[in-house]
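Close look at the chain arrangement
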Amino acid sequence: MSSADLDAADAAATMTAPPGGPAAIRQEGPASGAASSTGEVAPDVDATMARARRAQAEVEFWPQERIDDLVAAAGWAAYQEDTARSLADLAYRETGLGDPEHLFTLYRRRVLGTLRDLHGVVTTGVVEDLPERGLRKLAKPIGVIAVASPATAPCSGVVGNALPMLKTRNAVVITPNPRARHSAARTVDLLRQSLASVGAPPDLVQCLPVTDRQTTEALMAAADLVIAAGGPGTVRRAYRSGTPAISAGVGNPAVIVDASADVAAAAELIVLGGSFNNGTSCSSESNVLVEAGIAAAFRDQLARQGAHLCDPAETARLRTLLWPDGRQLNRDAVGRPAAALAAAAGIDLAEPTKTTALVAQLPPLEPGGVPALDDPMLGEKLAPVFTVTTFTDFDDALVAVETLLARIGQGHSCGIHTERPDRVVRLAERARAGRVMVNQSTAVGNSGSFDNGMAFTQVIASGSWGGCSRSENVTWRDFLNYTYVSHPLPPSLPDEETLFGAHWRRLP
């Protein structure tokens, strides 16, 4: 996120909380047992790692049934409605990001979806037997995994990572974004209690109470694997740690709506995704390219779904609010409701309580499909805001998607609303994106859904395009090592004619 959820992690660290919420928490200071700038004592990373390694060694050879039991206990403790509601409320009060009802919905969906994906999966002993190849494959845990967790949806981030790591017999140590440290710690306490209730070592899941950069870097260096779902700074530290690392990528989905699309359904899904949890997901719809012939009908449907379409003057004021200096996203705007952003930008809304998204209307695409790249409005917004522009030639829309991805969000995702399979294929072939959502919301579908085949995940990796070591949704499969047992087979030499015959015949 999101699921796996990216840049708000760093941005949120110094944001001001909403009225009634706590002040932002930011820890800067020395690691491993020294006093922090707040007077708290930073954790001893060595001691934390030692506890994690002892706990992991205890369960390393547990049978599948016992591992499944501890996962079920942790999952049930996390999924219960009262628990989910209290964690969502705590996360909102602490971070000021998103919407408490959406945080509740997101949390429960992620927990349930992750448990569904883990159910019946074999992660111990022999997981594959190929007698025809003389091979047998055994699953082994990695060891201790360090997770750098963001401030957006912090509680689902903890549980969504911990469950598959427990399923694969690993220990996990969470280093939360400073803004979300209380939410993360409360979630970890819940998981630890559930583990103890079934006789599993609670130290399989731990959370560092103080998370300055030095402490995080020390944890990353000491772990066996690093999972980084945070801003660019967190990701860079993960890859510099010298420990194998898997990270999320920067989002900024561009979505095409062509003339064959169900306009009402497309508008409903785009407004839903662009406004869900106040746009804090890296998968939130960000830039929409609509075919000119249906543009008027599409705009009408956006308004019917609760979006306010900004005129040029309102778009200019909104742009200034989001990027006061024209370059850096305004941290105080991240994750705020549409009505609050509109009020701050001097935009009058007919029905403020019913407005869920703000739409910045941009000029039509020029021939060639290259949008104005110097417009920050085309970047990731982390707010319930998305742009709309029009195209007349589908090739121009493809070029625009490629250009937008290359600028911000390469490797992450894009989407298309269409009834033409050929256009889906063309977009999928051209776009440097790990996910192409067809007739669905990128925000809802990218990180796993009950109505598509994507795996539930907290880490939406973007491949080499986006500076990541994976290009798929990160799941339990990424938390295992494998041992291959090889037995001898009768010799099977390749036939030279089969390998080289076509080439030989082309030689002079």
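Secondary structure assignment for the chain yields 17 helices and 15 strands. Over its C-alpha trace the chain gives a radius of gyration of 24 Å, about what one expects of a compact globule, namely 23 Å for 508 residues. The principal-axis extents of the C-alpha atoms in the chain amount to approximately 80 × 65 × 40 Å. Surface exposure of the chain reaches about 20,500 Å², of which carbon and sulfur atoms provide 53%.

Let us look at the side chain of Ser 194. Looking at the secondary structure, you find Ser 194 in helix H7 (residues 181-197). Assessed through its relative accessible area of 5%, Ser 194 is described here as buried. Residues contacting Ser 194, with those up to four places away along its chain left out, are Ala 73, Ala 74 and Ala 77.

Strand pairing in a sheet relies on backbone hydrogen bonds. The paired strands run either parallel or antiparallel. Taking strand neighbours across the sheet as the criterion, the seven strands line up as S10-S11-S12-S9-S8-S13-S14 in an open arrangement whose pairing is parallel. Looking along the sheet, the strands with just one partner apiece sit at the ends: strand S10 (307-310) and strand S14 (436-438). Direction aside, the axes of adjacent strands within the sheet are offset by 25° on average. Of the pairings in the sheet, the one linking strand S8 (residues 254-257) to strand S13 (residues 414-417) comprises four bridges and is parallel in character. Across the sheet, the residue bridging to Ala 254 is Cys 414, located in S13. In the packing of helix H10 (residues 263-275) onto the sheet, contacts are made with S8, strand S9 (287-291), S10, strand S11 (357-361), strand S12 (385-391) and S13, and the angle to S12 comes to roughly 145°.

Ranked by size, the top nonpolar core spans 74 residues in total, and within it Leu 70, Tyr 107, Leu 166, Leu 191, Leu 204, Val 205 and Ile 227 carry the most contacts. What Leu 204 contacts, discounting residues up to four positions off in sequence, is Ala 55, Gln 56, Val 59, Leu 166, Asn 170, Ala 171, Val 172 and Leu 195.

This brings us to the environment of Gly 326. The residue Gly 326 is located in the loop between helix H12 (312-322) and helix H13 (338-344) in this model. Residue Gly 326 is classed as partly exposed on the basis of its relative accessible area, which comes to 37%. Counting along the chain gives 157 residues from Gly 326 to Arg 169, while the straight-line C-alpha distance between them is 47 Å.

Quick look at the packing of helix H3 (residues 64-79) against H7 now. The N-to-C vectors of H3 and H7 enclose an angle of 140°; their axes lie 8 Å apart at closest approach. Taken together, the axes of H3 and H7 are oblique relative to one another. Here the hand of the crossing between H3 and H7 comes out right-handed. Seen from H3, the contacting residues are Leu 70, Ala 73, Ala 74, Ala 77 and Ala 78; seen from H7, they are Leu 190, Leu 191, Ser 194 and Leu 195.

A separate point is H12. Those residues of H12 lying buried are Glu 314, Thr 315, Leu 318, Leu 321 and Leu 322. Buried residues of H12, viewed axially, fall in a sector of 120°; they line one side. The backbone nitrogen of Ala 313 has a side-chain oxygen 3.1 Å away, supplied by the residue at the start of H12, namely Asp 311.

This next bit is on the packing of H3 against helix H4 (residues 81-95). At their nearest, the axes of H3 and H4 sit 5 Å apart, and the two run at 65° to each other. Between H3 and H4, the contacting residues are Ala 77, Ala 78 and Tyr 79 on the first element and Glu 81, Thr 83 and Ala 84 on the second. Looking at the contact of H3 with H4 residue by residue, the classes come out as four nonpolar, one polar and one charged.

Located in the positive-phi region is Arg 169, a residue other than glycine, with phi close to 65°. Notably, Asn 278 is not glycine yet its phi reads approximately 55°, a positive angle. Position of Asn 278 among the secondary structure elements: in the loop between H10 and S9.

In space, the three strands of this open sheet follow the order S1-S2-S15, with antiparallel pairing throughout. Where the open sheet ends on each side, the last strands, each with one partner, are strand S1 (125-130) and strand S15 (480-486). When strand polarity is set aside, the average angle formed by the axes of neighbouring strands in this sheet is 25°. Of the pairings in the sheet, the one linking S1 to strand S2 (residues 135-141) comprises five bridges and is antiparallel in character. Bridge assignment links Leu 130 to a residue of S2, and that residue is Leu 135.

This prediction gives the chain a mean pLDDT of 91; 92% of its residues lie at or above 70. Scored below 50 in pLDDT, residues 1-39 shows 130 contacts in the model against residues more than four places distant or in partner chains.

As a further point, take the pairing of strand S3 (residues 144-149). Burial analysis of S3 places six of its six residues in the buried class, the great majority of the element. The alternating pattern of S3 places Val 144, Ala 146 and Ala 148 on one face and Ile 145, Val 147 and Ser 149 on the opposite face, and all of these are buried. Here six bridges tie S3 to strand S4 (residues 171-176), and the two strands are oriented parallel to one another. Each bridged residue has a counterpart across the sheet, and for Ala 146 the counterpart in S4 is Val 173. Handedness of the crossover is the feature at issue here: the chain leaves S3, passes through helix H6 (residues 154-167), returns alongside S4, and the resulting connection is right-handed.

Let us look at the environment of Pro 232. Tracing the backbone shows Pro 232 in helix H9 (residues 232-240). A residue is classified by how much of its surface remains accessible, and Pro 232, at 35% relative accessible area, is partly exposed. Measuring from C-alpha to C-alpha, the distance between Pro 232 and Pro 253 comes to 17 Å, with 21 residues separating the pair along the chain.

By the definition in use, this model includes 18 salt bridges. Taking the shortest distance from any N to any O, the salt bridge between Arg 423 and Asp 258 comes out at 3.1 Å. You can see Arg 423 sitting in helix H15 (residues 421-430) and its partner Asp 258 sitting in the loop between S8 and H10, a full 165 residues away along the chain. As far as the burial class goes, Arg 423 and Asp 258 line up, both buried. The partner of Asp 395 in a salt bridge is Arg 426, with the nearest N and O atoms 2.1 Å apart. Of this pair, Asp 395 sits in helix H14 (residues 394-407) while Arg 426 sits in helix H15; the two residues are 31 residues apart in sequence, bridging distant segments of the chain. When salt bridges with common partners are traced through the structure, they connect Asp 258, Glu 291 and Arg 423 into a single cluster.

Rules used in this analysis
Sequence order as written defines residue numbering, which begins from 1 separately in each chain. In view of the model being predicted, local features appear only for residues whose pLDDT reaches at least 70, and side-chain atom pairs are presented and counted only at 80 or more, with totals across whole chains, interfaces and linings using the full set of residues. Side-chain calculation: all heavy atoms of the structure are included, whereas hydrogens and water are not. Only DSSP runs of H or I reaching four residues or more are called helices, and only runs of E reaching two or more are called strands; each is numbered from the N terminus. Here the globule rule is a power law, 2.2 Å times the number of residues to the power 0.38, and the radius of gyration is based on C-alpha atoms. Each accessible area is a Shrake-Rupley result for a 1.4 Å probe, and residues are judged covered by the shown protein chains and nothing else. Note on classification: 1.4 Å probe, protein chains only; a residue is buried when its accessible area is under 20% of the maximum for its type, exposed when over 50%, partly exposed between these limits. Here a residue-residue contact requires only that any non-hydrogen atoms of the pair lie within 4.5 Å. Any two strands with at least two DSSP bridges between them are considered paired. To obtain an axis, a line is fitted to C-alpha atoms, over the contacting stretch when the element is a helix, and the angle between two such axes runs from 0 to 180 degrees between their N-to-C directions. We call a set of buried residues a nonpolar core when its members are Ala, Val, Leu, Ile, Met, Phe, Trp, Tyr or Cys and they connect through side-chain atoms within 4.5 Å of each other. For classification, angles of less than 35 degrees are called roughly parallel, those exceeding 145 degrees roughly antiparallel, those between 65 and 115 degrees roughly perpendicular, and all remaining angles oblique. Two helices crossing with the near one rotated counterclockwise from the far one by less than a right angle form a left-handed crossing, whereas a clockwise rotation gives a right-handed crossing. Taken from the helix axis, the directions to the C-beta atoms give the arc we talk about. Whenever a nitrogen or oxygen atom comes within 3.5 Å of another N or O atom, the pair is scored as a polar contact, on the condition that within protein one atom can donate a hydrogen and the other can accept it, and that pairs from neighbouring residues in sequence are kept only if both atoms are in side chains. Under the scheme applied, nonpolar residues are Ala, Val, Leu, Ile, Met, Phe, Trp, Tyr, Cys and Pro; charged residues are Asp, Glu, Lys and Arg; polar residues are all the others, including Gly. The predictor attaches a confidence to each residue, called pLDDT, with possible values from 0 through 100. Crossovers are described as right-handed under a simple rule: with the strands pointing away from the observer, the path leading from the first strand over the helix to the second runs clockwise. For salt bridges, the criterion is a side-chain nitrogen of Lys or Arg within 4 Å of an Asp or Glu carboxyl oxygen.

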